[in-house]
Amino acid sequence: DHSIKIAPSILSADFANFGGEIAAIEAQGADWVHVDVMDGHFVPNLTFGPPLVKAIRKHVTTFMDVHLMIAPVDPYIDAFAEAGSDMITAHVEAGPHIHRTLQAIRAADCKAGVSLNPGTPLESIAHVLDLVDMVLIMTVNPGFGGQKFIPSQIDKVRRLRAMIGDRPIHIQIDGGMTPQTAPMVVEAGADVLVAGSAVFMGGSVDSPGVYGENIAAL
Ligand code: DX5
Ligand code: ZN
């Protein structure tokens, strides 16, 4: 399946109405639902823990993609798996044993993703490509929605695509995706685009058609 997937980040949704927001984006063409977990330590912001992810899960009919921006990761893997994550993505910078972390994610029956901050070289994940279903290249410094795309990451995506070769591994991009930046990373080899502000801007559960137009524009 070579189609491009759009994964709206509910970081830009109305936090008081996740059920309605998820139903709206799924009805409007979202392929996955991207959940940004932040701990105020690995990144300078706080969002959701496992109980909230579990509550969100009841509303997701597509695929729940859980992006952990937390350190350490390992003590929380089982809780996020039991909360209903389909995929759990951990940052290579979050600890000294990413290989162990990815094995634990798969042992918990979830798809496994590994993520790199903009400043982290690709070589840091060369040894785990046989343990992952997805590599997430961050195109902003993680922590907040609505930041500007960092163009130096385009070449990293291109080199990652070559490094992956024939392996069935998704390349996900997160941060600053717009109708202008999305084609650049797709051309370089990305196939899953996370977008927060570009999906939710201008719309609401009362005017969900805007979400559809925003997804279509991406
Ligand atoms: C950033 C998060 C992103 C964020 C993207 O730390 O991982 O998923 O919500 O937001 P936009 O699309 O607005 O850059
Ligand atoms: Zn994210």
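Quantities reported herein were computed from a predicted structural model and do not represent experimental measurements. (Residues numbered from 1 in each chain as written. Chains lettered and ligands numbered in written order. Predicted model: local features only at pLDDT ≥ 70, side-chain atom pairs only at ≥ 80, totals over all residues.)

Notes on the UniProt feature "binding site: a divalent metal cation" (unreviewed entry) in the protein chain
Listed under "binding site: a divalent metal cation" (unreviewed entry) in the UniProt record, and renumbered for this structure, are His34, Asp36, His67 and Asp174. Of the residues just listed, which span 141 residues, no C-alpha pair is farther apart than 10.5 Å, and they cluster in one region. Take His34: it is sitting in strand β2 (residues 33-38). Take His34: there are 27 C-beta atoms within 10 Å of it, and that puts it in the buried class. Contacts of His34, omitting those with residues within four sequence positions, involve Ala7, Pro8, Ser9, Asp65, His67 and Val194. Setting aside residues up to four positions removed in sequence, His67 forms contacts with His34, Val35, Asp36, Val37, Thr89, Ser115, Leu136 and Asp174. (UniProt positions renumbered as here; feature names shortened; annotations may be inferred. Helix = DSSP H or I, 4+ residues; strand = E, 2+ residues; numbered from the N terminus. Buried ≥ 20, exposed ≤ 12 C-beta atoms within 10 Å, placed from the backbone. Contact = placed C-beta atoms within 7 Å.)

Notes on the site of ligand 1
Close to ligand 1 lie 22 residues; Ser9, Pro142, Gly145, Gly196 and Ser197 are nearest. Here the shell around ligand 1 is composed, by residue class, of eight nonpolar, 12 polar and two charged. (Near = placed C-beta within 6 Å. Nonpolar A, V, L, I, M, F, W, Y, C, P; charged D, E, K, R; others polar.)

Section: helix α1 (residues 18-27)
For α1, the set of buried residues is Phe18, Glu21, Ile22, Ala24 and Ile25. End-on view of α1: buried residues confined to an arc of 160°, all on one side of the axis. In the stretch just after α1, Gly29 is the one whose phi turns positive, near 110°. (Arc of directions from axis to C-beta.)

Description of the sheet that holds strand β1 (residues 5-8)
Ordered in space as β1-β8-β7-β6-β5-β4-β3-β2, the eight strands form an open sheet in which the pairing is parallel. The strands lining the two open edges of the sheet, one partner per strand, are β1 and β2. Strand-to-strand twist in this sheet, taken as the mean axis angle between neighbours without regard to direction, amounts to 25°. The pairing of β2 with strand β3 (residues 64-69) spans six bridges and is parallel. By the bridge assignment, Val37 is partnered in β3 with Leu68. (Pairing = 2+ DSSP bridges. Axes fitted to C-alpha atoms, helices over the stretch in contact; angles between N-to-C directions.)

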